[in-house]
Amino acid sequence: MLELREIVEWRAYANEQRALGRVVGLVPTMGAFHEGHVSLFRAARSDNDVVIATSFVNPRQFNDAEDFARYPQTPDIDRALALECGVDCLVAPTLADMWPDCPGPTPTTVSVGALGERFEGAGRPGHFDGVASVVAKLFVITGPCRAYFGEKDFQQLAVITQMTHDLAFDVEVVGRPIIRDVDGLAFSSRNVRLSVEGRRQALGFSVALRAASEVLANASEARATLRAVMEASGIEVAYAEVVDPATLLPALDDETGARRALVAGVVEGVRLLDNGPIEIKGE
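Just so you know, these numbers come straight off a predicted model, no measurement behind them.

Draft legend 1. A look at the overall build of the protein chain. Across its full length, the protein chain holds 11 helices and 9 strands. Compactness check: the protein chain gives a C-alpha radius of gyration of 19 Å against a globular reference of 19 Å for 283 residues, within 12% of the reference. The principal-axis extent of the C-alpha atoms belonging to the protein chain is close to 55 × 40 × 40 Å. Residues counted as buried form 52% of the 283 residues belonging to the protein chain. Of the contacts made within the protein chain by residues no fewer than 6 positions apart, 73% connect residues no fewer than 24 positions apart. Approximately 12,700 Å² of the protein chain is accessible, and the part contributed by carbon and sulfur atoms is 53%. Taking the average location of the 27 positive side-chain charges in the protein chain and that of its 40 negative ones, the two points are 2 Å from each other.

Draft legend 2. Molecular detail of the sheet that holds strand 9 (residues 270-280). Spatially, the 3 strands line up as an open sheet ordered 7-8-9, and their pairing is antiparallel. Unpaired on one side and paired on the other, strand 7 (236-243) and strand 9 mark the two borders of the sheet. Within the sheet, the average angular offset between the axes of one strand and its neighbour, ignoring direction, is 15°. With 7 bridges joining them, strand 7 and strand 8 (residues 257-267) adopt antiparallel strand pairing. Across the sheet, A240 pairs through a bridge with V263, a residue of strand 8. Its contacts with the sheet place helix 11 (residues 219-232) against strand 7, strand 8 and strand 9, and it is angled at close to 155° to strand 7.

Draft legend 3. Spatial organisation of the sheet that holds strand 5 (residues 145-150). Strand order in the open sheet formed by 6 strands is 1-4-3-2-5-6, and the pairing between neighbours is parallel. Single-partner strands in this sheet number two, and they are strand 1 (2-4) and strand 6 (171-176). Adjacent strand axes in the sheet meet at a mean angle of 25° when their direction is disregarded. Contacts from helix 7 (residues 127-142) reach strand 2 (24-29), strand 3 (50-55), strand 5 and strand 6 within the one sheet, and its direction differs from that of strand 2 by about 150°.

Draft legend 4. Inspection of the environment of D64 at higher detail. Structurally, the position occupied by D64 is in the loop between strand 3 and helix 3 (65-70). Residues D64 and L167 lie 103 residues apart in sequence; the distance between their C-alpha atoms is 29 Å. Side-chain polar atoms of D64 contact the backbone nitrogen of E66, separated by 2.9 Å.

Draft legend 5. Main features of the nonpolar core. Judged by nonpolar contacts, the single largest core of 43 residues is most densely connected at W10, I52, M98, V135, F139 and M163. Take this core: its biggest share by element is 9 residues, from helix 7. With near-sequence residues (within four places) excluded, F139 lies in contact with L26, A147, F149, I160, M163, T164, F169 and V171. Counting 24 residues, the second largest nonpolar core, distinct from the first, contains A202, A222, V237 and I280.

Draft legend 6. Looking closely at the side chain of D274. Relative to the elements of secondary structure, D274 occurs in strand 9. Judged by its relative accessible area of 4%, D274 is buried. Reaching out from D274, the side chain makes a polar contact with the side chain of R180 at a distance of 2.8 Å. Apart from the residues lying within four places of it in its own chain, the contact partners of D274 are I178, R180, A186, F205, S206, L209, A261, L262 and V263.

Draft legend 7. Just the pairing of strand 5, in detail. Judged from the 2 bridges that link them, strand 2 and strand 5 form a sheet pairing that is parallel. Looking at the pairing, G25 lines up with R146 of strand 5. Examined bridge by bridge, strand 5 and strand 6 share 6 bridges and lie parallel to one another. The residue bridging C145 from the neighbouring strand is V171, located in strand 6. Regarding topology, helix 8 (residues 154-166) serves as the crossover connection from strand 5 to the parallel strand 6, and that connection is right-handed.

Draft legend 8. Just the packing of aromatic side chains, in detail. Scanning all chains against the criterion turns up 5 aromatic pairs. Each ring, one from F33 and one from F41, has its centre 5.0 Å from the other, and the planes form 75°; the classification is edge-to-face. With respect to burial, F33 and F41 carry one shared label: buried. With a centroid separation of 5.6 Å and an interplanar angle of 80°, the aromatic rings of F139 and F169 are classed as edge-to-face. With F139 in helix 7 and F169 in the loop between helix 8 and strand 6, this pair connects stretches of sequence that are 30 residues apart. Owing to a relative accessible area of 2%, F139 belongs among the buried residues under this scheme.

Draft legend 9. Structural context of the pairing of strand 9. For strand 9, the tally of buried residues reaches 8 of 11 residues, placing the bulk of the element in the interior. Here strand 8 pairs with strand 9 via 11 bridges, running antiparallel. Following the sheet pairing, R260 is matched in strand 9 by P277. Hairpin connection of strand 8 to strand 9: 2 residues between the antiparallel strands, including E268 at a positive phi of 50°.

The rules behind each value
- One numbering rule holds for all chains: residues counted from 1, following each sequence as written.
- For a predicted model such as this one, the threshold for reporting local features is a pLDDT of at least 70, and the threshold for listing and counting side-chain atom pairs is 80 or more; totals across whole chains, interfaces and linings nevertheless cover every residue.
- Side-chain numbers here rest on the full set of heavy atoms in the structure, without hydrogens or water.
- Every helix listed is a DSSP run of H or I at least four residues long, and every strand listed is a run of E at least two residues long, numbered separately from the N terminus.
- In this treatment the radius of gyration is a C-alpha quantity, and the globule benchmark scales as 2.2 Å times the residue count to the 0.38 power.
- We call a residue buried when its accessible area falls under 20% of the maximum for its residue type, exposed when it is over 50%, and partly exposed in between, using a 1.4 Å probe and counting protein chains only.
- We call two residues contacting when some pair of their heavy atoms lies within 4.5 Å.
- The protein chains shown are the only cover counted for residues, whose accessible areas, like all others here, come from Shrake-Rupley with a 1.4 Å probe.
- The charged-residue count follows a simple rule in which Lys and Arg add positive charge and Asp and Glu add negative charge, with His and chain termini not counted at all.
- Every charge is mapped onto a representative atom, which is NZ of Lys, CZ of Arg, CG of Asp or CD of Glu.
- Strand pairing requires that DSSP identify at least two bridges connecting the strands.
- All axes are obtained by fitting lines to C-alpha atoms, using only the stretch in contact for helices, and the reported angles, taken between N-to-C directions, cover 0 to 180 degrees.
- Throughout this description, a polar contact denotes any pair of N or O atoms lying within 3.5 Å of each other; where both atoms belong to protein, one of them has to be capable of donating a hydrogen while the other can accept it, and for residues adjacent in sequence the pair is counted only when both atoms sit in side chains.
- Residues enter a nonpolar core if they are buried and are Ala, Val, Leu, Ile, Met, Phe, Trp, Tyr or Cys, with the set joined through side-chain atoms within 4.5 Å.
- With its strands directed away from the observer, a crossover is right-handed exactly when the path from the first strand over the helix to the second travels clockwise.
- Here a Phe, Tyr or Trp ring, Trp counted by its six-membered ring, pairs with any other such ring whose centre lies within 6.5 Å, and the pair is stacked when the planes are under 30 degrees apart, edge-to-face when over 60, and tilted otherwise.

Next comes the structure, spelled out in structure tokens:
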């Protein structure tokens with residue numbers, strides 16, 4: 001497995017692979033690999049001739065300096081997992097290379113507007129501008145490819161899909177299903193910060209999603225179920241929403257059919273999120 005740090009080397013490698021007629025798969029990450037990342041690596045390995053994984057903790061998508069400082073980093077584990085999953089090239093670019101003006105502001109920002117301003121965007125102002133900006137840069141450097149993202153960050157996937165369409169990137173965005181641990185908790189790099197009790201509380205996310213999906217209700221009733229179960233589990237609820245899966249607009253009570261439940265909250269100071277499909281009935 002090739003390991004690179006410099007943008008110029010990364011760009012040259014991707015260009016060389018395409019010049020040889022190979023299809024490139026890209027898996028953007030912030031490191032701290034887990035089974036969710038493994039599923040993305042394996043999908044990219046299956047679909048493409050060459051797999052490039054990036055590992056970069058992007059400061060521009062954090063609005064809390066402490067959260068950024070505490071984000072887990074496990075480079076040795078990451079290297080071993082990437083190698084085991086058949087990643088051909090692991091790129092860990094430097095902060096100076098990615099954002100030369102940091103810690104000052106970077107003049108150029110990519111924004112998707114309202115889609116990135118609600119839910120996670122409302123609770124973390126500027127978050128999705130940071131996500132869109134860094135992913136746009138990853139796409140520009142890598143060039144034409146397939147790019148793999150997990151559905152656990154459902155709003156992030158929607159933002160990246162919209163940005164890719166609007167800016168006509170020669171990139172096929174591939175969303176992959178949520179991977180859960182045996183107890184139902186969605187894999188997240190932040191889970192390592194939870195105590196045993198905190199993890200028990202965090203199971204309230206998946207329990208709430210399951211409870212709401214098992215009872216055919218209108219959108220408001222589903223939201224109430226989500227919130228009640230999360231609160232009963234000890235989660236400090238940030239939001240419990242039912243939305244159109246394409247637009248992420250909140251579902252109305254006279255709507256019926258397949259929608260998406262989005263939940264987020266704080267456990268032991270750690271912000272976590274989850275989501276799942278849900279059927280709703282009109283009033």
